[in-house]
Amino acid sequence: MSIKQLAAKLTKNLTVLPLVFFLSLASVSAQGTDSLSTDQAVIDAGASLFRQNCASCHKVKERYIGPALEGVYDRRTLPQIIAFVKNSSKEIQSGDPYLVALYEEYNKLEMTAFDFFDDEQIVSIISYVKAEAEKEPEAVVVGDPNDPNTSGAGISTGYLNAILVGLVIVLILILIVLMLIVTVLQRYLNQKELDEDDKEILASPFNFEALLKNKATIGVLAFIFMAIVLKTVIDGAYNIGVQEGYAPTQPIAFSHKIHAGDFQIDCNYCHTGVRKSKNANIPSPNICMNCHNPNDGILKDSPEIKKIFAAVDNNAPIEWVRVHNLPDLAYFNHAQHVEVGNIECQTCHGPIEEMDVVRQHSNLTMGWCIDCHRKTDINTQGNAYYDKLVELHKEQSKEPMKVEDIGGLECSKCHY
Amino acid sequence: MKDNNKRYWKGLEELNNDPSYLKNKGKEFPADLPRISKSEEEGHSGWERRDFLKMMGFSVAAASLAACEAPVRKAIPYLNKPVDVDPGIANYYASTYLNGGDYCSVLVKTREGRPIKIEGNELSKVTYGGTNAQVQASVLSLYDEERLRGPQAGGTDKSWAELDQEVIAKLNEVAGAGGQIRIVSNTILSPTTLDAIEVFKATFPNTEHVVYDQQSAYGIAKANETSFGSAVIPSYDFGKAQVIVGFDADFLGTWISPLEFSHQYSQNRKVGPKQKSMSRHYHVESNMSLTGANADYRIKVKPSQQGSAVATLYNLIAGKAGAAATSLSNWDNAHLKKAADDLWNNRGSSLVVSGSNDPAVQILVNAINDLLGNYGTTIDLSKPVNFRKGNDEAMNQFIDDVKGGGIGAVVFYNCNPVYDHARGGELSQNLSKVGVKISTNDRADETASLADYIAPDNHYLESWNDAEPKAGNYSLAQPTIAPLFDTRQAQSTLLTWAGNNTTDYYTYLQNSWKTRFFDNQNSELDFQIFWDKAVHDGVMEMSASDAASGGGYTFSADFGAVEQSISSNYKGGSGLELAIYQKVGVGTGSFANNPLVHELPDPVTKVTWDNYVTLSQTDATEMGIEMGEDSTSMVDISVNGTTMKAPAVIQPGQAEGTIGLSIGFGRTKAGKVGNNLGVNAYPAITTLNGTQSFNVTGVTATKTEESYRIARTQTHQTYMDRGFVVQEDVLSEYQKPNWERHHKPKISTWSKEDHSEKPLNLSLWKGHKYDNHHWGMAVDMNSCTGCSACLVACNVENNIPVVGKDEVLMRREMHWLRIDRYYSSSDDAESMRDKENPEANPEVTFQPMMCQHCNNAPCETVCPVAATTHSTEGLNQMAYNRCIGTRYCANNCPYKVRRFNWFKYHDNKQFADFNTAMNTDLGKMVLNPDVVVRSRGVMEKCSLCVQRIQAGKLEAKKNGQRPKDGEITTACAQSCPTNAITFGDMLDANSEISRLLDFKAEDEGKREPQNERAYFVLEEVGVSPNIYYMTKIRNKDKA
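Residues numbered from 1 in each chain as written. Chains lettered and ligands numbered in written order. Predicted model: local features only at pLDDT ≥ 70, side-chain atom pairs only at ≥ 80, totals over all residues.

Draft legend 1. Inspection of the overall build of chain B at higher detail. Scanning chain B from terminus to terminus reveals 30 helices and 42 strands. For chain B, the C-alpha radius of gyration of 29 Å lies close to 31 Å, the compact-globule estimate for 1039 residues. Counting across all 1039 residues of chain B, residues that qualify as buried make up 56%. Taking contacts inside chain B between residues at least 6 apart in sequence as the whole, the part at least 24 apart equals 74%. (Helix = DSSP H or I, 4+ residues; strand = E, 2+ residues; numbered from the N terminus. Rg over C-alpha atoms; globule rule 2.2 N^0.38 Å. Buried ≥ 20, exposed ≤ 12 C-beta atoms within 10 Å, placed from the backbone. Contact = placed C-beta atoms within 7 Å.)

Written out as structure tokens, the structure reads:
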């Protein structure tokens, strides 16, 4: 994907966001009132908790590793739900027939005890589930990035193409008109009495050979050739070290498509540093083994999974091949972008949830960084760090504050 | 450079306009690029260097285009990630730096489990968050290639089990035969380690623990035993003293507890609009020490005059107090009389200290302090300190016993007496008479290499330990990394050999703290909580139960004996006198294999990589010694029959008839960095009144014909005769209302022809607008003692390469921060006779100098590739990868703070022997991963620790708030023991720097401080720096 496309997509996404927010707010406010919260903040908190902790086994509307959660707030009382989440095996052992039936139905698979949740957090998750279940389907339509109504800012590439085609047509028309004029003029001259010299000029044949041997032609052609060569070399030179599309084979055939795509496991679950550290962190085997444990874990007999166990048994760390390589001279910090800037992982890493083998999606050149810093609005909301800057910026400009407006293009933001 | 009628000069070359100085003073890069001309090289192919480079450039481009396959890089996660370790996030652990009796409570910064930087622990009531050059450098010693990889017996590797078995058998054999066993160590500050030694002594009853110090203070303890009945070194409080008189005590550099004293001392030296008073400091010494350089009045004496100088002061004070004077001859010195008057006027808030190790002199010092009523105010005998516990008599007895063959076994516990004791030579010759010799040293050094067994101890960053620097002040050390090698804590080793039930020192330490402290307190009920808090804080205070109550001491002295001792011992005599001293960098020599302390220029002499004989200009002229910028002669000195050869350095302020020589050099088995640098001064130390004496009389020094190149940085990076760099005044003037600095440059313009325009108001540029932050720094030249902790801190923080002596000689040192030391002539009466030769006893000013981050930066405008630019936060930024190395910026910098990478200093065999942090996998572990390692051909300079600024801002953003003042600070500011450097956001009205500089509220952005002391260096150049300097104020009479 080119930078332009990427940026266009990014702009679209950013314009869609507030709309989604508004609509979900509208749908939530239509709900009835019970002990579950309809406060958007609570639902957001619940959504985030759900993604991090529940989504690997539960979906809202579909049966998954565990049952669909839609309607659970009707089937069970809140205290029952809370007790179950905190310690499911205890509740099942207490002999509740509903729970026992469920336990049997799901092949005696117990749910992990989430004893670190407090009651409020569990309520927020259930609130989220309820809000999600009752969401009107139209909200999904709104999120469609292809909808022309939602892509406000920026000139789309289709539009540019249309202009280009129009221009070409106009030029061809002009050419035809000019040729017509020449023919008409020639006919007119042929009808007239002319002296010898003029006749010669009029009748002179088109000499292709002379044109080729013409110094001017050779000069122009040589210039064009050199320009093309130079351009190719410079383009080539700019691409040295650029590994766009780099997709090395990894020691374990781990698929992001299965984990992040199909099972929707939150990126944070494995990449634990992404919100707090410079490095996103590649998970250590103990995180893998939360699900794939050697005793009764998922797919414990798969040869790929066994490589994890072997690494632990042999005390030999897994040597992943690094896909995204920034040079030492550039400092990049994930926390700044993900936690503070609220940038989606996909903005840089592309549709990672669709990749079986991770591929370097962006070219990671300085131009690419700078481009984004020029276009991206700063996520200033609720962050007191930016309050004064936003105020000062508003005095000068009506545009939203971009990264470049507060020094995001300066050398020592990344190079030190 | 001139101010008033003073002339400032960096060295004698500058004062005397030496040709070697003049040749290079206008050049940033004195050495030209090597360029071979055709005529010189007959038969040469006719290619010029530039033609060759052109071809090279083309082929390199072609080759790199062809071979652009990127290497495969691995990303290897933890197998089981520790909960507390997040790659990319630094963890800080409180710990304790211990090196013999040297102590500092520290925070250790670790990244991915590797210690990479040491910071001071602000919770400490002893070191107050300060550090010194050695503490800063100590982190590199952890990654020293010369450390032993495991236990050894007779030079061959052994397993711990084998070693234990053999050693226990041998010790039992010795003990069974009734043989004497000795444990020899330097001062041990750890009470639990002393317990472990007691356990060892209980198992092997004929064991004695012998303690010695490289720089002994045994004389103080002995004097206090005579005077007060308790053989202790008391706590001193320089912060309460309005008048300080120091006799040869380098208390800001190396004497007893320099970090603590620096902190206290600076409290009374910081002046400002609210505090217009400061202490007055007299210093009486032979060599120009760091402390002497900071004194208001410095009095030169020969070592043999120390006795009569102290006696004179005593007689003067006794005269005022109506006490009996001694019969010792009075010395007529105007400054000493003035000191006596000042002391007497500040009774109870004054302090007299002496660095002498002679009990007789110390008794007189005690008598002076007693007459002045300083006991209970500035001196606290009820809170003794443990920094120097060495017993010179016991150590001498030990060496005699070894000679006599009366010792069956000896354990050298982390000490190296063969090298660093005056009688080390005797010891090494006779050590073969000892049956079993064991060492716990971390390397096979001079002593350990003579031992039968080496059981190497962990580095302090790998160890559990505790410390009691002062009665009632405790401190814990925790490991910040697992032992890198197969080493074992020496305490565990002793406990194992003693057959103790608990051999694990961690458990032993916990048990010790349980019984020693936890059981004696009531505030915490659970031991684990008590312990965790102590580990977290690193320090703990307990009321010392065993110390006697204060004020219960009465002074008594036998003046007759003292008089007799002094009059017989301080006679002088013929020949030169030698004053042996310690440097703040290399110290006692235990740091000899650490390149950071060698490349650190000595604060006073500015010499790197050497020790040398300092002598006065008068004596040098007499001996016919001439010094150029980096050339000098070798001199032969003969002390007590031994002859040493060392280069001569002419030192302004050196007392005539004396020479100085530092300990810590001349190591032979320290490692490849420290071996064979300089000469070993320990054998020159003598014994006086049963204690070690660092002063030797009857020394001869003769010039040899041999010349020597000495790497001095003092005249590197000069200001090319530009004007006002140092500004100073005396206190009495400063106290006047409406005081103004002497020098406030004004400029004539076409509209104001009367020299009335401020340079800052004139600019070709529009200026910068700062909305977010405006970082700035203020350097207080009054509290800067020149100790150079900041310099080493900067090196470690910013991955600055060590370039070695040869490159320093070529003026290519890479330090981003240098400390300029200026001499100037004092104008007072006593030195009038010195007017003829201003170098006789000059005043000294220290000025830390780093990139000034100018708002109108001259470097930025001349860079052809815009590699150095200005940021919206006031930083002058340097993009290394854009730099093409034209060096125009360094040419155009008026402060000469830019450094050029002449070589690739990392992974380069040529530099592997001294740039140890960048040439081996082990050494590289110390590098700061947030700062790039620069390569050849690029310019670099102080970045104002931009990596810390960025990290601090990110932390604030993550928390959704503005950064709090103090959260973001530079490495230099953080390391300073006297807080002389203040860093902060000048847009934040409540920040310390804004309060200190006191900006006018109305003209925001102009940054004009109302604090009259603040000025810009070279303000007249109009570059508008972001670094302010605070005028130095001396507490002396106006001339």
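What follows picks up the thread again.
Draft legend 2. Expanded view of the overall build of chain A. Helix and strand content of chain A: 20 helices and one strand. Looking at chain A as a whole, 17% of its 416 residues are labelled buried. Considering only contacts within chain A whose residues lie at least 6 apart along the sequence, 69% involve residues at least 24 apart.

Draft legend 3. The arrangement of the sheet that holds strand E15 (residues 350-354) of chain B in detail. All names here are of chain B. On the basis of which strands lie adjacent, the open sheet formed by four strands has the order E14-E13-E12-E15 and parallel pairing. Each of the sheet's edge strands pairs with one partner strand only, and the pair in question is strand E14 (297-300) and E15. Averaged over neighbouring strand pairs, the angle between their axes works out to 10° when direction is ignored. Across five bridges, strand E12 (residues 243-247) lies against strand E13 (residues 280-285) in parallel orientation. Within E13, the residue paired with valine 245 across the bridge is tyrosine 282. Most of the contacts of helix H10 (residues 306-321) go to E12, to which it runs at about 155°, and overall it touches E12, E13 and E15. Relative to the sheet, helix H11 (residues 334-345) contacts E12, E13, E14 and E15, its axis offset from that of E12 by approximately 135°. (Pairing = 2+ DSSP bridges. Axes fitted to C-alpha atoms, helices over the stretch in contact; angles between N-to-C directions.)

Draft legend 4. Looking closely at helix H4 (residues 133-142) of chain B. Residue and element names in this part refer to chain B. The buried fraction of H4 is high, at ten of ten residues. Taken as a whole, H4 has its buried residues at Ala133, Gln134, Val135, Gln136, Ala137, Ser138, Val139, Leu140, Ser141 and Leu142. Next to the buried residues of H4 lie strand E4 (90-99), strand E5 (102-111), strand E6 (114-120), helix H20 (595-599), helix H23 (789-797) and helix H29 (971-975).

Draft legend 5. Local environment of the domain arrangement of chain B. Residue and element names in this part refer to chain B. Annotation of chain B at the domain level lists domain 1 (2-15 + 763-1034), domain 2 (152-211 + 390-470 + 472-541), domain 3 (218-385) and domain 4 (575-706). Each of domain 1 and domain 3 was reduced to a C-alpha centroid, and the two centroids are 35 Å apart. Contact residues are listed per partner, giving 16 residues for domain 1 and 20 residues for domain 3. Of the residues that constitute the side of domain 1 that touches domain 3, the class distribution is five nonpolar, eight polar and three charged. (Domains from an automatic or database assignment. Nonpolar A, V, L, I, M, F, W, Y, C, P; charged D, E, K, R; others polar.)

Draft legend 6. Structural context of the interface of chain A and chain B. Chain A puts 48 residues into the contact, and the matching count from chain B is 42 residues. For the side of chain A that touches chain B, the secondary-structure elements that each account for two or more residues are helix H12 (215-238), helix H15 (285-291), helix H16 (303-314), strand E1 (320-321), helix H17 (334-340) and helix H20 (387-396) of chain A. Considering every element that reaches the side of chain A that touches chain B, the biggest residue donor is H17 of chain A, with four residues. The class makeup of the residues in the side of chain A that touches chain B is 23 nonpolar, 18 polar and seven charged. Pairing geometry for E1 of chain A and strand E3 (residues 74-75) of chain B, over two bridges, is antiparallel. The residue of E3 of chain B that forms the bridge with valine 321 of chain A is lysine 74 of chain B.

Draft legend 7. Structural context of the packing of helix H6 (residues 191-203) of chain B against helix H16 (residues 490-497) of chain B. Residue and element names in this part refer to chain B. H16 packs onto H6 with a crossing angle of 20° between their chain directions and a minimal axis gap of 8 Å. Compared by their axis directions, H6 and H16 come out roughly parallel. With respect to the hand of their crossing, H6 and H16 are arranged in left-handed fashion. Residues Thr193, Ala196, Ile197, Val199 and Phe200 of H6 form the contact with H16, whose participating residues are Gln491, Leu494, Leu495 and Trp497. Of the residues contributing to the contact of H6 with H16, the split by class is seven nonpolar, two polar and no charged. (Parallel < 35°, antiparallel > 145°, perpendicular 65-115°, else oblique. Left-handed = near helix turned anticlockwise from the far one by under 90°.)

Draft legend 8. Main features of the packing of H10 of chain B against helix H12 (residues 359-371) of chain B. Residues and elements named next belong to chain B. One way to put it is that H10 packs onto H12 with a least axis distance of 9 Å and a crossing angle of 25°. If you check the angle between H10 and H12, you find them roughly parallel. Crossing geometry of H10 relative to H12 is assigned as left-handed. Contacts between H10 and H12 involve Gln306, Gly307, Val310, Ala311, Leu313, Tyr314, Ile317, Ala318 and Ala321 from the first element and Val361, Leu364, Val365, Ala367, Ile368 and Leu371 from the second. Here the residues of the contact of H10 with H12 are counted per class, giving 13 nonpolar, two polar and no charged.

Draft legend 9. Structural detail: the domain arrangement of chain A. Examined at the domain level, chain A breaks down into domain 1 (31-133) and domain 2 (157-229). On a C-alpha basis, the centroid separation for the pair domain 1 of chain A and domain 2 of chain A is 77 Å.

Draft legend 10. Layout of the sheet that holds E6 of chain B. Residues and elements named next belong to chain B. In space, the three strands of this open sheet follow the order E4-E5-E6, with antiparallel pairing throughout. If you trace the sheet from one side to the other, it starts and ends with E4 and E6, each paired once. Averaged over neighbouring strand pairs, the angle between their axes works out to 35° when direction is ignored. Running at roughly 165° to E6, H4 makes contact with E4, E5 and E6 of the sheet.

Draft legend 11. Here's a closer look at the confidence of the model for chain B. All names here are of chain B. Predicted confidence across chain B gives a mean pLDDT of 88, with 92% of residues reaching 70 or more. Ranking the elements of chain B by mean pLDDT puts strand E1 (residues 2-3) last with 46 and H23 first with 95. Between residues 36-44, whose pLDDT stays under 50, and residues either more than four places distant or in other chains, the model counts five contacts. Per-residue pLDDT stays below 50 along residues 546-550; that stretch engages in eight contacts with residues further than four places along the chain or on separate chains. (pLDDT = per-residue confidence, 0-100.)

Draft legend 12. Local environment of the nonpolar core. Membership of the largest hydrophobic core comes to 279 residues, with the highest contact counts inside it found for Leu313, Leu364, Ile368, Ile580, Val613 and Val779 of chain B. No other element matches the eight residues that H12 of chain B contributes to this core. When neighbours within four sequence positions are excluded, leucine 364 of chain B is seen to be in contact with Val310, Ala311, Tyr314 and Val562 of chain B. Of all hydrophobic cores here, the second largest spans 16 residues; its members include Val60, Phe84, Ile122 and Ile125 of chain A. (Core = buried A, V, L, I, M, F, W, Y, C linked by C-beta atoms within 7 Å.)

Draft legend 13. Focus on unusual backbone geometry. The phi torsion at leucine 299 of chain A lies on the positive side, around 55°, for a residue other than glycine. Among the structural elements, leucine 299 of chain A can be located in the loop between H15 and H16. Judged by the 11 C-beta atoms lying within 10 Å of it, leucine 299 of chain A is exposed. Positive phi, normally seen in glycine, also occurs at asparagine 414 of chain B, with a value near 45°. Along the chain, asparagine 414 of chain B turns up in the loop between strand E17 (407-413) and helix H14 (417-420).

Draft legend 14. A look at the environment of valine 358 of chain A. With respect to the helices and strands, valine 358 of chain A occurs in the loop between helix H18 (345-349) and helix H19 (366-375). Expressed as a C-alpha distance, the spacing of valine 358 of chain A and aspartate 197 of chain A, which sit 161 residues apart in the sequence, is 74 Å.

Draft legend 15. How the structure looks around the environment of glutamine 491 of chain B. Residues and elements named next belong to chain B. For glutamine 491, the position within the fold is in helix H16. Taking the C-alpha atoms as reference points, glutamine 491 and cysteine 787, 296 residues apart in sequence, are found 33 Å from one another. Excluding residues within four positions of it along the chain, glutamine 491 makes contact with Thr193, Ala196 and Tyr505.

Draft legend 16. Fine view of the pairing of strand E25 (residues 631-639) of chain B. Residue and element names in this part refer to chain B. Direction of pairing for E25 relative to strand E30 (residues 695-709): antiparallel, over a ladder of seven bridges. Paired with serine 631 across the bridge in E30 is arginine 709. For E25 and strand E26 (residues 642-650), the ladder comprises six bridges, and the chain directions are antiparallel. The residue bridging valine 639 from the neighbouring strand is threonine 642, located in E26.

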